[in-house]
There are 2 protein chains.
Amino acid sequence: MARKASLSGFPEWLPEERLIEQHIIDVLRRTFELHGFSGIETRAVETVGDLLRKGEIDKEVYAVSRLQADEASASESGLALHYDLTVPFARYVVENSGHLAFPFRRYQIQKCWRGERPQEGRAREFTQADIDVVGDGALPFRYDIELALTVVEALGALPIPDFTLRINNRKLAEGFYRAIGLEDTAAVLRSIDKLEKIGAEQVGSLLREEVGADQEQVRLALELAGIRTPDTSFVERVRALGVSDELLEEGLEELRQVVAEAAHRAPGRVVADLSIARGLDYYTGTVYETVLDGHESLGSICSGGRYDALARKGNRTFPGVGLSIGVTRIVSRILSQGLATVSRPVPTAVLVTLADEGSWSQAQEVASALRVRGIPAEVAANAEKFGKQIKFADRRGIPFVWFTDTEGAHEVKDIRSGEQHAADPGSWLPPAGDLRPIVSAR
Amino acid sequence: MARKASLSGFPEWLPEERLIEQHIIDVLRRTFELHGFSGIETRAVETVGDLLRKGEIDKEVYAVSRLQADEASASESGLALHYDLTVPFARYVVENSGHLAFPFRRYQIQKCWRGERPQEGRAREFTQADIDVVGDGALPFRYDIELALTVVEALGALPIPDFTLRINNRKLAEGFYRAIGLEDTAAVLRSIDKLEKIGAEQVGSLLREEVGADQEQVRLALELAGIRTPDTSFVERVRALGVSDELLEEGLEELRQVVAEAAHRAPGRVVADLSIARGLDYYTGTVYETVLDGHESLGSICSGGRYDALARKGNRTFPGVGLSIGVTRIVSRILSQGLATVSRPVPTAVLVTLADEGSWSQAQEVASALRVRGIPAEVAANAEKFGKQIKFADRRGIPFVWFTDTEGAHEVKDIRSGEQHAADPGSWLPPAGDLRPIVSAR
């Protein structure tokens, strides 16, 4: 595990590692579908204009062009690989608005690409699993709560350690900053975003240098960012700072509702954390980040927020709220620290052996009879000595081998225990735990 | 259905269309896993050198580069998006040979990109589903038979019309051409490959012009290419042409074995078709193509072959055999001609309504109780009049709505029949056909 990728930042998994990733994707998909989210995919490419307008990450975008430029058609110039699934989804909603029923709930699990410096938890090609709800003109605030609860349920079903969903609200933060006289709230948020990395003192210096904050403004901004409560007590702590503002009040009330409901339905999984800023500037209300407890340095494994104006068509807007789970970030950590295991490395449960070279077709019949009942089976390619065929199964990690003698009598052997007994290909079943590879937390 | 893509050649599906594509991918994955194939994914990018050395399609490759070229690191120059999954798989096998058990069976379902002129059945971004078996040094010929039977089973489980797997053998063709004095067998194959498109007369002209064939050579080459039999009778027909050659004999015997076994195990699905050439030059034995009956103009929906020297590491070779299913090509045809339908457009089976604004949390409890038993459920966002909430479910395509009155009594209504009755969220089940969206052939 944790081999070096042949191209830095482009991880590839071995088959048994891919089983863990596939399990995670399957669990997320199942949870999202149980919550009524429709699966979609968008094309890997967007226009460079669309990507840069919304993201501010020009240096990290991979451009795409036909190798033979003379052949390139005009429609294809200026394309690049998407760096997230939110910007493509906003375009998809606008383009297909006439075909969608709003509020539109969708999940999307796809690769994204960013030319960042690779390190653990930060790849250049990575899989994201997003859920969003988007309304036509308006979107009830309740979805901010529902989406938090949906990802808590989804992450809770994964073979990972405990995690904490940290929630804040842009209105709360922006209202507060403006009320204390810091008008460039985007710049304040960028500085506060570095709190965990560089500490309060350096963030204070940044605020003085970059937004011209005075001693008292720095004190208040840092006090606000220092508030973190597992319940709604943050409201009183903010009020105790003595700052009043309409937008601040609106944000306080929204965050109160999210945290109250989440603390009730998912106790211990959610905190109000008033230091959460999120880099992307399209968020307008609730913002979310998630850390794996004990793995905080890995960064957020699930982030998102409310965006009121990302998708527009003329003067029609499609406000939304969504979260994005970093599948590759989670899988990398699981693999590098052995946080989960898989019961076997291949799907195959049974190797059907060959008694002689003439029995291949008959062995295929046995394998078919097993597969029809959902038992993964493969047939040996040669009638080597049985010892060699068993060794092959062992080397592949296949738990059972099947023997059919020249009279047509069948026996099956568990090569782990050595137990062997007569069996009928039309009715034999392996123990439930041996039917498919099973992924579990270590 | 069949809307115009906003970027030509990059199709995107509506949620209900994606359900059909997802169903096809799920069926393929399930079949491949039942046959013991391990799922892997490879990175989207390869080096341009690797791609061009193996494919001869330089004009169609999409190059990838960092938008800010000054930032590009040396390791990243010369990257391009893969145009198939065979070349990346060969690299993966060589790189990871120390970690794989051979013969290694893998399936891989991923997007590929080619800058071809878009038309139905030919997109610039498309999903392929591949299976291959690769050996270390040698690979038993039997896998050529097994893989044909596996894709016949996989395609047979899809909601598509009948199909025909056409099989030929490169050794047979090359041996024959050489024996009649046509040494540039690759050029002959390229000409023969156009038979279905341009007809026998024009292929004859091509053979005269490009490889200098005389009247008799043209006659023999076209006679060979005209042989198509659903059984092993092609052997006698080839012999009747009076050409003898060692390689030809080897190919005849291989093709005889594949067709004999396939005709036995999948009657009516397979023909020996001696016109099949396949463009790619890495094939060395069996070659496959598949057409949907009645949709021959769509082109092949599943192609592949035996390759003995695609993957090498020093003087170690990894011979393989594999087939690639064109998922996007199949889905495009299903959608444009309405060949399949889905029972509803969303995963949600039940909309849990709100009696009043205070009942949202209680409604979430009901939804949770349903989901725990595998029933997809979502909660209304607002306590509008019940008529409006029912209309919302109807508009979304959700078949059931759930009511909980202020006393906590539950009722569920099938909005298609109007039938409504008391129900317990801990035990109620929809009819099996309503649990999930079901895709079926029309």
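Since the structure is predicted, the reported quantities are computational estimates derived from the model, not experimental observations. (Residues numbered from 1 in each chain as written. Chains lettered and ligands numbered in written order. Predicted model: local features only at pLDDT ≥ 70, side-chain atom pairs only at ≥ 80, totals over all residues. Heavy atoms only, no water.)

**Re the state of the cysteines**
All names here are of chain B. Under the criterion given, the structure shown has 0 disulfides over all chains. In this structure Cys-112 is a free cysteine whose sulfur lies 14 Å from that of Cys-302, the closest cysteine sulfur available. A relative accessible area of 0% places Cys-112 in the buried class. (Disulfide = S-S within 2.5 Å. Buried < 20%, exposed > 50% of the residue type's maximum accessible area, 1.4 Å probe, protein only.)

**Examining the environment of Ile-325 of chain A**
Residue and element names in this part refer to chain A. Within the fold, Ile-325 resides in strand 12 (residues 316–326). On the basis of relative accessible area, Ile-325 is assigned to the buried category, the value being 1%. Between the alpha carbons of Ile-325 and Thr-290 there is a distance of 9.1 Å; along the sequence they are 35 residues apart. Not counting residues up to four positions away in its chain, the partners in contact with Ile-325 are Leu-28, Phe-32, Thr-127, Gln-128, Ala-129, Asp-130, Leu-155, Ile-301, Cys-302 and Ile-330. (Helix = DSSP H or I, 4+ residues; strand = E, 2+ residues; numbered from the N terminus. Contact = heavy atoms within 4.5 Å.)

**Concerning the relation of the copies chain B and chain A**
For the match of chain B to chain A, the screw axis carries a shift of 0.0 Å, the RMSD comes to 0.0 Å, and the turn is 180°. Here the two chains are linked by the operation of a two-fold rotation axis. Relative to the rotation axis, the closest C-alpha in chain B is found at Val-64 of chain B, a distance of 2.3 Å. Looking at the interface residues of chain B, 100% of them are also at the interface in chain A, so both copies use one shared face. (Least-squares fit on C-alpha atoms with pLDDT ≥ 70 in both.)

**Side note on the pairing of strand 6 (residues 125–134) of chain A**
Residues and elements named next belong to chain A. For strand 6, a buried count of 10 out of 10 residues is recorded, marking the element as mostly surrounded by other parts of the structure. By the alternation rule, side chains of strand 6 split into Glu-125, Thr-127, Ala-129, Ile-131 and Val-133 and Phe-126, Gln-128, Asp-130, Asp-132 and Val-134, which are all buried. Here 7 bridges tie strand 6 to strand 12, and the two strands are oriented antiparallel to one another. When the bridges of strand 12 are listed, Asp-132 appears paired with Gly-322. (Pairing = 2+ DSSP bridges.)

**Comments concerning the sheet that holds strand 3 (residues 62–66) of chain B**
To summarise the sheet geometry, strands pair through backbone hydrogen bonds and adopt either a parallel or an antiparallel arrangement. Here 6 strands make up an open sheet; going across it, the order is 2(A)-4(A)-3(A)-3(B)-4(B)-2(B) and the pairing antiparallel. Two strands bound the open sheet, and with one partner strand each, they are strand 2 (45–47) of chain A together with strand 2 (45–47) of chain B. Each neighbouring strand pair of the sheet contributes to a mean axis angle of 45°, computed without reference to strand direction. Both strand 3 (residues 62–66) of chain A and strand 3 of chain B contribute to a ladder of 5 bridges, which runs antiparallel. Across the sheet, residue Ser-65 of chain A finds its bridge partner in strand 3 of chain B, namely Ala-63 of chain B. (Axes fitted to C-alpha atoms, helices over the stretch in contact; angles between N-to-C directions.)

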